[in-house]
Amino acid sequence: SQKRILIILNETGGMTQRELTERIGVQPGSASEVIGKLESAGLIKRSPSETDRRTTDVKLTEAGRLQAEEAGERRKTRHQEMFSCLSQEEKETLLGLMEKLNEHWEHRYHDKNMKHGHCGMQGREHGHHNMIEKSHGPYGHHGPHGEFHR
């Protein structure tokens, strides 16, 4: 989603288009289309990398940063509401279980992809969705209530 891309770029300060595509787990053509829409809306800027001319850097504009911050706050509030029925211990148990499932899922499909010559492919590209975003778990980097993460 566009908001997710804005949030990721706000959290990271920017990245290459290839890194962003891998992070959101979609096909490069799909990512390029969404990134193009965000660029046309004046929310991001693409520019050739200064260190590697083969890559394109993607960064937020000021308008993009403002929208990313708003979207991040709305996401944080939704997560707080969603997990408010769980105790801290239950949240930590859930997080541990989801991390275990995600690790198993990625290991299983990474191994299958390697056997079939798809070394760069992730499960999502074969119709399987990661249960946890790679670096921040199911709650984003704030944890379910914004107070913990592993």
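Look a little higher up for the structure.
Overview of the structure. Each residue is numbered by its place in its chain's sequence as written, counting from 1. Selection of residues for local features in this predicted model requires a pLDDT of at least 70, selection of side-chain atom pairs for listing and counting requires 80 or more, and totals for whole chains, interfaces and linings are taken over all residues. Remark: hydrogens and water are excluded; side-chain values derive from all non-hydrogen atoms of the structure.

By definition, any uninterrupted DSSP run of H or I lasting at least four residues is a helix, any uninterrupted run of E lasting at least two residues is a strand, and each is numbered from the N terminus. For the protein, the count of helices and strands is five helices and three strands. Traced from its N-terminal end to its C-terminal end, the protein shows the element sequence α-β-α-α-β-β-α-α. In this scheme, a residue with accessible area under 20% of its type's maximum is buried, one over 50% is exposed, and one in between is partly exposed, where area comes from a 1.4 Å probe on protein chains only. By residue count, 30% of the 150 residues in the protein fall in the buried class. We call two residues in contact when some of their heavy atoms are within 4.5 Å. For the protein, the share of sequence-separated contacts (at least 6 apart) that also reach a separation of at least 24 residues comes to 57%. Accessible surface area values rest on a Shrake-Rupley calculation with a 1.4 Å probe, where residue burial reflects the displayed protein chains alone. Just so you have it, the protein exposes about 9,500 Å², and 51% of that area is on carbon and sulfur atoms.

Think of it this way: a Phe, Tyr or Trp ring, Trp meaning its six-membered ring, pairs with another when their centres are within 6.5 Å, and the plane angle makes it stacked under 30 degrees, edge-to-face over 60, tilted otherwise. Applying the stated criterion to the full structure yields one aromatic pair. Note on Trp105 and Tyr109: the rings are 4.7 Å apart at their centroids and 50° apart in plane angle, and the pair reads as tilted. Here Trp105 pairs with Tyr109, and both are found in helix 5 (residues 88-115), just four residues apart, close to one helical turn. Exposure remark for Trp105: the relative accessible area of 28% places this residue in the partly exposed category.

Note on terminology: a nonpolar core comprises buried Ala, Val, Leu, Ile, Met, Phe, Trp, Tyr and Cys residues joined through side-chain atoms within 4.5 Å. Judged by nonpolar contacts, the single largest core of 14 residues is most densely connected at Ile5, Leu6, Leu9, Leu20, Ile24, Leu38 and Ile44. For this core, the elements supplying multiple residues, two or more each, are helix 1 (2-12), helix 2 (17-24) and helix 3 (28-40). For this core, the leading source of residues is helix 1, giving four residues.

This next bit is on the pattern of salt bridges. Just to be clear on terms, a salt bridge is a Lys or Arg side-chain nitrogen sitting within 4 Å of an Asp or Glu carboxyl oxygen. Considering all chains together, one arrives at seven salt bridges under this definition. Measuring nitrogen to oxygen at the nearest pair gives 3.1 Å for the salt bridge that ties Glu11 to Arg75. Taken together, the residues Glu11 in helix 1 and Arg75 in helix 4 (residues 62-82) connect sequence positions 64 residues apart. By relative accessible area, which is 13% here, Arg75 ends up buried. Close ionic contact of Arg65 with Glu62 constitutes a salt bridge, the shortest N to O distance being 2.3 Å. One end of the pair, Arg65, and the other, Glu62, are both in helix 4, three residues apart, so they sit about a helical turn from each other. The partly exposed category is assigned to Glu62, whose relative accessible area is 47%.

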